[in-house]
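Each chain is listed here by its residues.
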Amino acid sequence: SVLLILLARITNLLSTGSLLFTSSMIMNVTYGVMTGIGTIDRLKKKAMDTMLLAEEEPILLKDVFGIGGYHTWPFPIDPVFEDFDRVMGFSTPQRLLREQMKDKCSVVNSGSSVTSYSA
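The residue numbers shown here count from 1 along each chain, following its written sequence. Reporting in this predicted model follows two pLDDT cut-offs: at least 70 for local features of residues, and 80 or more for side-chain atom pairs to be given and counted; totals over whole chains, interfaces and linings ignore these cut-offs and use all residues. To obtain the side-chain values, all non-hydrogen atoms of the structure were included, while hydrogens and water were left out.

### What to know about the overall build of the protein chain
Keep this limit in mind: Put simply, DSSP marks the helices as runs of H or I at least four residues long and the strands as runs of E at least two long, and each gets a number from the N terminus on. Buried, partly exposed and exposed residues are distinguished by accessible area as a fraction of the type maximum, computed with a 1.4 Å probe on protein chains only: under 20%, between the cut-offs, and over 50%, respectively. In this description, contact between two residues means that some pair of their heavy atoms is separated by no more than 4.5 Å. Under the convention used here, a 1.4 Å probe and the Shrake-Rupley method define accessible areas, while residue burial counts only the protein chains that appear.
On a plain count of helices and strands, the protein chain comes out with 5 helices and 0 strands. Ordered by position from N to C terminus, the α and β elements of the protein chain give α-α-α-α-α. By residue count, 6% of the 119 residues in the protein chain fall in the buried class. Summarising the internal contacts of the protein chain: among those between residues at least 6 apart in sequence, 14% fall at separations of at least 24. Within the structure as shown, the protein chain displays about 10300 Å² of accessible surface, and the carbon and sulfur contribution to it stands at 66%.

If you want it as structure tokens, here you go:
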């Protein structure tokens, strides 16, 4: 019937558009990982004609997927990074406080005398 043919054509059009969009996004991310330049930075460099002066280095795959095994890459789990703050580019106050407390505890435990810290 005419309605089924129309629905099939609409579905085909939507499927093709989705495939093209997804492919474009995957290629954009791949290019960003390979060059180390994000989309906005790349557009700015193109506009100012400074693309050849770029100093960015490719992003390591361990900075994208973490240090877990290759078998974990396709799954939506939180990756484990060697240096979380370097990969993220920032550190939360809670993390800094935890690191300071850990350093204080290691200094107290490694010393010959016990020192108490008052906050």
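Next comes the rest of the description.
### A short note on the packing of aromatic side chains
Our working rule: In this analysis, rings of Phe, Tyr and Trp, with Trp reduced to its six-membered ring, are considered paired at centre separations within 6.5 Å, and the interplanar angle assigns stacked below 30 degrees, edge-to-face beyond 60, and tilted for intermediate values.
Counted under the stated rule, the structure contains 1 aromatic pair. On the basis of an interplanar angle of 45° and a centroid distance of 6.3 Å, the ring pair of F81 and F84 is categorised as tilted.

### Observations concerning the pattern of salt bridges
To keep it simple, the criterion reads: Between Lys or Arg on one side and Asp or Glu on the other, a salt bridge is scored when a side-chain nitrogen of the former is within 4 Å of a carboxyl oxygen of the latter.
Counting across every chain of the model gives 5 salt bridges. One salt bridge connects R86 with D63, and the closest N-O pair in it is separated by 2.9 Å. Note that R86 is positioned in helix α4 (residues 84–88) and D63 in helix α3 (residues 61–65), a separation of 23 residues in sequence. R95 is the salt-bridge partner of D85, the closest N and O atoms lying 3.0 Å from each other. Of this pair, D85 sits in helix α4 while R95 sits in helix α5 (residues 93–110), and the two are 10 residues apart along the sequence. On the basis of relative accessible area, D85 is assigned to the partly exposed category, the value being 22%.

### Here we look at unusual backbone geometry
A positive phi is found at D49, a non-glycine position, where the angle reads about 55°. As for its placement among the helices and strands, D49 is situated in the loop between α2 (39–47) and α3.

### With respect to the environment of Y31
Tracing the backbone shows Y31 in helix α1 (residues 2–35). Here Y31 falls in the partly exposed class, since its relative accessible area comes to 36%. Look past the residues within four positions of Y31 in its chain and what remains in contact with it is G36, R42 and M51.

### Observations concerning a nonpolar patch on the surface
Here is the rule we go by: Every patch collects residues that have over 30% relative accessible area and no salt bridge, joining them within 9 Å if they carry like charges and within 5 Å if they are nonpolar side chains (Val, Leu, Ile, Met, Phe, Trp, Tyr).
Residues L3, L4, L6, L7, I10 and L14 make up a contiguous nonpolar surface patch of about 610 Å² in total accessible area. For L6, a relative accessible area of 48% puts it in the partly exposed group.

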